[in-house]
Amino acid sequence: MWLNIAARLFWRELRRGELWVIAFALCLAVFTVVSLTGITESVRSALSQRSSNFIAADKILRSSLPFNEQIFQNAEQLGLKTAKQMQFSTMVFAGDQMQLVSVKAVSPSYPLRGRLLLKSSEQADATTSNTVVKDQVFLEPRLLQLLNIGIGDSLELGVSRFVVGGIIAEEPDAPLSVFGNAPRVLMHVDDVAATEVVQPGSRIGYRYQFAGDTNTLKTLEQQVKPLLTVHDRWQSLDRESAVGSALDRAEKFLLLAGLLGIVLAACAAAVAASQYSQRHQMAVAVIKALGTTTAMARRIYASHLAMVSLFSIVTGLLLGQLASSGAQWFIEVWLGDYRPEFSSRPLWLGALTGVICATLFSARPIWRLAAVPALNVLRQRALSFQLDLWQLVTGGLAIWLLMWLFSGDWWLSSWLFVLCLAFAALLLGMAAVLVRLAKPMAAGQSSALKLALANLRRRLWPNSFQLITFSLALFLTLILYFLRAELISQWQQQVPAGAPNQFLVNINEAEKPQIIQLLTDNQLKAGDFYPMVSGRVLTVNNEKLPESDGREQDAEQSNAGQSDAGQSNAAQQNPERQKGEQQADIADNTLAAGRDTQNSGTASSGTRREGIGRELNLTWLHTLPANNQIVAGQWFGAEDKAQVSVEEKLAERLALELGDTIGFSVGGQPFTATVSSFRKVDWNSLQPNFFMILSPDLMQNFPATYLTAFYLPKQQTALLNEMARSFPTISVLSVDNILKQVNDIIAQVSLALTVILVLVFAAAVLVLVAQVQATLEQREQELAILRTLGAKTVFLRKAVLAEFAALGLMAGVFATLLAEVLLAVVQMRLFQLPFSLHFNLWWIGPGLGLALICGLGWLLLRHLLQLPTPVLLRRALS
Amino acid sequence: MVKKILMSLLPKIAIQAKALRKEVQLTDARLTILQQINLTINSGETVAVVGASGSGKSTLLGILAGLDTVSSGEVYLAGQPLHQLDDDARAQLRAKEVGFVFQSFLLLPSLTALENITLPAELAGIKDATARGRKLLSDVGLTERADFYPSQLSGGEQQRVAIARAFITEPAILFADEPSANLDAATGAKIEDLLFALNEQQGTTLVLVTHNPQLAQRCQRQLNMHAGELTELKPEVGDVA
């Protein structure tokens with residue numbers, strides 16, 4: 001019997017629009033979670049696929065031993081795609097020209113991820129291909145200049161002769177190090193044996209490349225474990241380069257946005273359910289007076305909630321999935337080679353959010369609704385359905401649970417949750433004080449303003465709650481807006497426009513002025529010249545360091561892409577050897593070494609002092625480089641003699657303390673220096689960086705070469721050829737490709753952040769709408785009374801606007817205050833960015849609050865204000 | 001046998017209150033709303049309760065109808081001890097025996113006129129609810145308004161729907177709380193006529209709370225409520241102590 005009544009009431013209420021508000025709120029909650037999680041996962045997977053492009057595969061096994069075919073067989077049995085790659089350095093000869101090159105020999109399936117683009121000429125309309133072919137080699141364009149040959153000519157590599165098939169226009173796993181290596185030669189892996197370059201003892205980097213889904217790759221990892229030796233190592237995605245840290249921050253931002261979206265959606269559901277209960281209490285009293293028991297009333301309204309929840313969850317899931325599919329489509333169009341992956345996580349998380357919001361946020365008001373006494377039909381007394389303690393506690397727990405499920409990060413969700421609670425409590429206190437202050441403020445004001453302030457004061461608690469919701473919604477939007485701007489600007493600062501994209505290495509003293517002249521003639525500006533000399537660290541406090549720390553192999557492997565150059569047998573036979581080795585060392589001294597030492601940092605957590613095991617590039621400077629920061633001790637002054645400043649991670653590795661004495665050897669000449677400071681170095685800065693910087697007095701008598709960097713616009717690239725000819729001993733290293741990749745990623749991530757910001761903003765606006773709608777009925781009655789008493793439309797309009805303006809302004813100011821505090825915390829703790837005040841926030845926050853809440857209030861109440869008095873009265877009375 | 005016949009000739013008691021008392025706890029004091037009410041209303045009687053605002057009329061109505069509870073004393077409705085019944089049992093009793101007409105109509109805005117009328121019948125599990133509803137709708141002269149929602153009806157029409165709703169379960173006792181107070185005089189009079197006509201037709205016991213002396217005059221008995229005490233103004237059949 002109750003089912004019939006419940007069904008009839010349900011359809012009627014659905015038709016009257018009574019249930020839509022709650023349906024809408026639940027749907028919004030589900031939609032927010034599904035779309036945000038879906039989009040976040042898509043962006044994450046797109047970024048990770050993009051990162052896969054950097055290694056041309058999803059997973060790489062590096063080895064210094066020849067390929068074990070069993071591993072490839074295992075992978076193929078699992079359905080994974082595979083590719084082979086060998087890397088080594090050697091000399092190539094063309095006529096009387098020779099050049100040290102970095103050879104990459106690949107199988108035709110290379111690359112498994114990303115795109116290889118080979119061109120038949122440097123012309124724009126040249127024919128292109130994407131795979132290597134046997135008996136041909138493909139060269140980096142500058143190598144053609146260096147060898148003075150053209151496409152179609154031949155060159156000698158080892159004992160074989162190859163035809164130059166074309167140039168490498170795009171290489172997915174091009175070295176990311178500032179100091180790449182010798183010019184690249186790409187060839188077929190099956191041609192390597194014939195060259196006889198590979199001899200016993202040759203240093204060859206072997207790479208097994210795999211692509212497939214994450215779980216299968218994990219299975220493979222387990223399967224081949226017994227086949228691996230100490231010479232084999234899995235390579236994960238590079239997370240510590242400039243790109244890596246940008247991705248990390250973006251992921252954190254997306255996570256944060258998702259968490260904040262959940263809080264907003266949950267608020268909307270709670271508000272809508274309270275509003276529904278508020279409006280239905282008389283109906284419940286009536287049906288109870290007519291003989292319905294509390295249990296039956298509860299069943300009737302619970303069934304409504306269940307039906308609405310089901311409908312909303314299904315709709316939210318569909319719309320959310322549609323939105324994330326749309327985002328996937330967009331990413332696919334944007335990235336070209338993105339492969340969308342279906343994940344059920346957003347769907348079940350969305351459904352769970354819907355169920356939790358319905359049960360823990362909406363069920364409580366419905367439960368209380370059924371308990372409305374039948375006697376209320378006589379008393380006509382409205383109960384308040386604002387949040388009660390029970391709902392606050394269960395709702396709070398639900399929010400935390402959802403945050404935890406969504407982020408999978410117990411600490412972050414708890415931290416954010418406690419912060420939101422503290423903010424809500426703080427806001428409640430501030431709201432109460434301000435609303436109480438409204439009375440003295442009202443004295444002497446116009447009557448419209450007086451009425452507005454009286455309205456605010458009269459509904460102190462509902463208004464405080466409304467104020468909290470408004471402030472929270474604004475606060476979350478502001479936080480996201482500013483964090484997004486912050487992240488994007490930080491990334492752009494990392495790679496500012498006009499950042500040096502060409503590095504010149506191995507410049508001698510005499511060449512310095514010539515280089516400056518050449519650059520000046522071409523309207524270019526040379527950067528600082530860093531003197532360099534190779535030296536060994538022999539002792540610390542007269543204690544001899546171990547020659548090798550057993551990690552050389554590891555270093556070689558982890559930096560194979562950057563530092564394999566100059567270490568092959570073939571290279572040892574030629575006069576260019578020294579230059580090649582130097583390049584490899586510089587590479588170690590920059591980006592690659594940053595990662596390298598970070599890895600070893602964990603290994604050396606004990607007090608055991610580890611050796612460096614190779615020569616370092618030493619420099620000497622009067623002033624501290626811009627992207628370096630002293631973390632202990634002091635930078636040496638003009639009078640300081642025989643001192644050294646050490647990079648902090650290396651200092652940890654050598655177990656150094658300030659005042660320790662380091663013994664060096666340069667060209668066989670020993671000398672010592674006292675450690676005067678430790679430096680933090682930004683390895684992501686794409687600037688020259690050094691482990692050891694010596695005080696200038698120490699190095700005066702050593703012959704040095706110089707390193708400099710400058711920005712070369714694209715249209716002037718011909719200058720590089722001129723440089724290569726005029727200064728044959730100088731190596732020109734281009735980082736244009738890296739900069740382009742970094743900028744590409746930044747643009748993509750920025751776009752993703754913007755999409756998510758818009759989504760969270762929409763959620764915030766919807767919460768505001770739900771909140772204003774909750775007061776519509778009461779306002780209708782008040783307007784009817786005021787109209788009956790003779791209030792003019794203009795007066796009522798002013799009063800309504802003033803009330804919303806006051807609320808909006810208060811919410812804006814609160815949100816601004818809190819946002820500034822939280823931004824400082826998030827900036828410094830979560831993203832490790834320096835603290836800065838956000839002056840814009842102080843006008844955007846209150847302005848946005850004022851405009852948004854006033855605008856929404858006006859939009860939602862406009863039709864009420866325009867109703868003729870009799871209609872208004874009839875509506876209010878019915 | 002004779003005793004049985006004599007018993008059936010005696011008037012049947014619809015409502016009985018014995019030493020009824022109602023108090024409410026305020027923040028710092030205890031307020032007595034009703035004190036020592038003794039009242040018997042026989043089946044088929046029409047009784048008006050009059051009195052000033054705040055005298056306790058509506059509280060008495062609430063208690064007699066089983067909407068409210070007593071602080072002390074006994075109340076019987078259709079022979080059932082209301083003071084001993086819990087909330088759900090009182091609700092079931094109301095569904096079976098009681099009809100209501102309220103001052104502000106209290107129709108469910110989401111249901112049509114006909115659906116509002118049939119609601120109590122459905123709650124009481126009556127099978128031919130719709131047929132009864134249509135008949136009553138015709139009795140109150142609103143056949144054409146069956147599918148109208150309350151907001152589409154005038155105040156008088158809404159109250160006519162409310163009256164039809166009150167009679168659909170053919171209740172033994174009808175409680176009316178200021179049924180014409182929200183209506184203009186002419187409409188109010190029509191509503192009152194309708195109420196008394198249906199009451200007579202169904203032989204329902206009517207307990208009516210009103211300010212209106214003319215309306216009160218139409219009832220067989222008038223009780224005056226003053227400061228929580230009840231006095232009989234025109235004793236005819238029942239007993240008031």
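Residues numbered from 1 in each chain as written. Chains lettered and ligands numbered in written order. Predicted model: local features only at pLDDT ≥ 70, side-chain atom pairs only at ≥ 80, totals over all residues. Heavy atoms only, no water.

*Asks:* Which residues make up the overall build of chain B, and what values do they have?
*Replies:* Along chain B, the regular secondary structure elements total eight helices and 10 strands. Looking at chain B as a whole, 53% of its 241 residues qualify as buried. Pairs at least 24 residues apart make up 68% of the contacts formed inside chain B by residues separated by at least 6 positions. Only carbon and sulfur atoms are counted for the fraction: they give 51% of the accessible area of chain B, which is about 10600 Å². (Helix = DSSP H or I, 4+ residues; strand = E, 2+ residues; numbered from the N terminus. Buried < 20%, exposed > 50% of the residue type's maximum accessible area, 1.4 Å probe, protein only. Contact = heavy atoms within 4.5 Å. Areas by Shrake-Rupley, 256 points an atom, 1.4 Å probe, with all protein chains shown as cover.)

*Asks:* Go over the overall build of chain A with me, naming the residues and quoting the values.
*Replies:* On a plain count of helices and strands, chain A comes out with 28 helices and 22 strands. Within chain A, the fraction of its 878 residues that count as buried is 57%. For chain A, restricting intrachain contacts to residue pairs at least 6 apart in sequence, the fraction spanning at least 24 positions comes to 82%. Carbon and sulfur atoms make up 58% of the accessible area of chain A, which amounts to about 36100 Å² in all.

*Asks:* Hey, could you go over the packing of aromatic side chains for me, with residue numbers and the actual values?
*Replies:* Residue and element names in this part refer to chain A. Enumeration over the complete set of coordinates arrives at 13 aromatic pairs over all chains. Between the aromatic rings of Phe67 and Tyr208, the centroid separation amounts to 5.2 Å while the plane-to-plane angle is 90°, which identifies the pairing as edge-to-face. Of the two residues, Phe67 is situated in the loop between strand S1 (59-63) and helix H3 (69-77) and Tyr208 in strand S10 (residues 205-211); the sequence distance between them amounts to 141 residues. This pair shows no difference in class: Phe67 is buried, exactly as Tyr208 is. Relative to Phe210, the ring of Phe72 lies with its centre 6.2 Å away and its plane at 50°, an arrangement referred to as tilted. Of this pair, Phe72 sits in helix H3 while Phe210 sits in strand S10; the two residues are 138 residues apart in sequence, bridging distant segments of the chain. By the burial criterion, Phe72 is buried, and Phe210 matches it. One aromatic cluster is present, built from ring pairs that chain together Phe67, Phe72, Tyr206, Tyr208, Phe210 and Trp234. The aromatic ring of Trp367 is capped on one face by Arg298, whose charged end is 3.7 Å from the ring centroid. (Phe/Tyr/Trp six-rings, centres within 6.5 Å; stacked < 30°, edge-to-face > 60°. Lys NZ or Arg CZ within 6 Å of the ring centre and 35° of its normal.)

*Asks:* An account of the interface of chain B and chain A is requested, with residue identities and associated values reported.
*Replies:* Counting from both sides, the interface comprises 30 residues of chain B and, opposite them, 28 residues of chain A. Where chain B abuts chain A, roughly 2700 Å² becomes buried across the two surfaces, and 63% of that area is made up of carbon and sulfur atoms. At the boundary of chain B and chain A, one finds zero salt bridges. The interface formed by chain B and chain A includes four residue pairs in polar contact (both at pLDDT 80 or more). Of all the secondary structure elements, the ones that give two or more residues to the side of chain B that touches chain A are helix H2 (57-64), helix H3 (87-97) and helix H4 (113-123) of chain B. (Buried area = accessible area lost by both parts, 1.4 Å probe. Salt bridge = Lys/Arg side-chain N within 4 Å of Asp/Glu carboxyl O. Polar contact = N/O pair within 3.5 Å; in protein donor to acceptor, adjacent residues only side chain to side chain.)

*Asks:* Describe the side chain of His838(A), with residues and values.
*Replies:* Residue and element names in this part refer to chain A. Topologically, His838 is positioned in the loop between helix H26 (793-830) and helix H27 (841-866). Look at His838 and you get buried, because its relative accessible area is 6%. Setting aside its immediate chain neighbours within four residues, His838 contacts Phe482, Glu486, Glu820, Leu823 and Gln827.

*Asks:* Go over unusual backbone geometry with me, naming the residues and quoting the values.
*Replies:* Look at the link from Tyr110(A) to Pro111(A): it is a cis peptide, with omega at -5°. The residue Ala642(A) is not glycine, and still its phi comes out positive at about 50°. Phi at Ala78(B) takes a positive value of approximately 50°, unusual for a residue other than glycine. By the secondary structure assignment, Ala78(B) is in the loop between strand S4 (72-77) and strand S5 (80-81).

*Asks:* Help me get a handle on the pattern of salt bridges, residues and values and all.
*Replies:* All chains considered together, the criterion is met by 17 salt bridges over all chains. Linking Arg161(A) and Glu156(A) is a salt bridge whose minimum nitrogen-to-oxygen distance equals 2.7 Å. A salt bridge links Glu45(B) to Arg221(B), with the nearest nitrogen and oxygen atoms 2.9 Å apart. Placement of Glu45(B) in the loop between strand S2 (30-42) and strand S3 (46-51) and of Arg221(B) in strand S9 (residues 221-226) is noted, with a sequence separation of 176 residues between them. Grouping residues by exposure puts Glu45(B) and Arg221(B) together as buried. Among the ionic contacts, a cluster of salt bridges with common partners joins Lys104(A), Glu171(A) and Arg184(A).

*Asks:* Lay out the confidence of the model for chain A with the relevant residues and their values.
*Replies:* Residue and element names in this part refer to chain A. The share of residues in chain A with pLDDT of 70 or more is 77%, and the mean pLDDT across the chain is 75. Put simply, helix H18 (residues 569-572) is where chain A has its lowest mean pLDDT, 30, and strand S6 (residues 136-139) is where it has its highest, 91. A low-confidence stretch, residues 176-180 (pLDDT under 50), is modelled with 28 contacts involving residues beyond four sequence positions or located in other chains. Here residues 548-606 is modelled with pLDDT under 50, and outside its nearest four sequence neighbours on either side it reaches 136 contacts, counting other chains as well. (pLDDT = per-residue confidence, 0-100.)

*Asks:* Let's hear about the sheet that holds S4(B): which residues, and what values?
*Replies:* Sheet strands pair via backbone hydrogen bonds, and the direction of the pair is either parallel or antiparallel. Residue and element names in this part refer to chain B. The strand order across the open sheet formed by four strands is S2-S1-S4-S5, and the pairing between neighbours is antiparallel. The sheet is open, and its two borders are formed by S2 and S5, each paired with just one other strand. Inspection of the sheet shows strand S1 (residues 13-25) paired to S4 by five bridges, in the antiparallel sense. Residue pairing across strands places Lys18 opposite Glu74, the latter belonging to S4. (Pairing = 2+ DSSP bridges.)

*Asks:* An account of the packing of H4(B) against helix H5 (residues 129-139) of chain B is needed here, citing residue identities and associated values.
*Replies:* All names here are of chain B. Packing of H4 against H5 leaves a shortest axis separation of 9 Å and a crossing angle of 130°. In terms of their interaxial angle, H4 and H5 are classed as oblique. Once H4 is placed against H5, the crossing between them reads as right-handed. Across the interface between the two elements, Leu114, Ile117, Thr118, Ala121 and Glu122 from H4 touch Ala129, Thr130, Gly133, Arg134, Leu136 and Leu137 from H5. Of the residues contributing to the contact of H4 with H5, the split by class is six nonpolar, three polar and two charged. (Axes fitted to C-alpha atoms, helices over the stretch in contact; angles between N-to-C directions. Parallel < 35°, antiparallel > 145°, perpendicular 65-115°, else oblique. Left-handed = near helix turned anticlockwise from the far one by under 90°. Nonpolar A, V, L, I, M, F, W, Y, C, P; charged D, E, K, R; others polar.)

*Asks:* Let's hear about a nonpolar patch on the surface: which residues, and what values?
*Replies:* All names here are of chain A. On the surface, a cluster of nonpolar side chains totalling about 840 Å² of accessible area is made up of Leu809, Val813, Leu817, Met828, Phe835, Leu837, Phe839, Trp842 and Leu850. Taken together, the elements giving at least two residues each to the nonpolar patch come down to H26 and H27. With four residues, H26 is the single largest residue contributor to the nonpolar patch. Mapped onto the elements, Phe839 comes out in the loop between H26 and H27. (Patch = residues over 30% accessible without salt bridge, like charges linked within 9 Å, V, L, I, M, F, W, Y side chains within 5 Å.)

*Asks:* How would you sum up the nonpolar core? Please name residues and give values.
*Replies:* Tyr301(A), Val377(A), Phe475(A), Ile479(A), Ile15(B), Leu67(B) and Phe175(B) are the most contacted members of the largest nonpolar core, which has 150 residues in total. It is helix H7 (residues 242-289) of chain A that provides the largest number of residues to this core, a total of 19 residues. Residue-level mapping places this core at the junction of two domains, with at least three residues from each of domain 1 (1-60 + 244-408) and domain 3 (409-495 + 736-878) of chain A. Setting aside its immediate chain neighbours within four residues, Val377(A) contacts Met282(A), Ala285(A), Val286(A), Ala289(A), Leu67(B), Phe102(B) and Leu106(B). In terms of nonpolar packing, the next biggest core, distinct from the first, is built from 37 residues, Val101(B), Ala129(B), Phe167(B) and Leu206(B) among them. (Core = buried A, V, L, I, M, F, W, Y, C linked by side-chain atoms within 4.5 Å. Domains from an automatic or database assignment.)

*Asks:* I'd love a proper account of the sheet that holds S9(B), names of residues and values included.
*Replies:* Residue and element names in this part refer to chain B. The strand order S6-S7-S8-S3-S9-S10 describes an open sheet built from six strands, whose pairing is mixed. The two strands at the open ends of the sheet, each matched to only one other strand, are strand S6 (98-101) and strand S10 (229-232). With direction set aside, neighbouring strand axes in the sheet form an average angle of 20°. Bridge analysis of S3 against strand S8 (residues 205-210) gives five bridges, and the strand direction is parallel.

*Asks:* So what's going on with helix H25 (residues 776-788) of chain A? Residues and values would help.
*Replies:* Residues three or four positions apart in an α-helix share a direction because the helix packs 3.6 residues into each turn. Residues and elements named next belong to chain A. In this model, H25 (13 residues) spans 18 Å end to end at C-alpha, consistent with the 18 Å of a helix rising 1.5 Å per residue. For H25, every residue scored as buried is listed here: Leu776, Arg779, Glu780, Glu782, Leu783, Ala784 and Arg787. Two residues or fewer after H25 comes Gly790, characterised by a positive phi angle close to 105°. (Expected span 1.5 Å × (residues − 1).)

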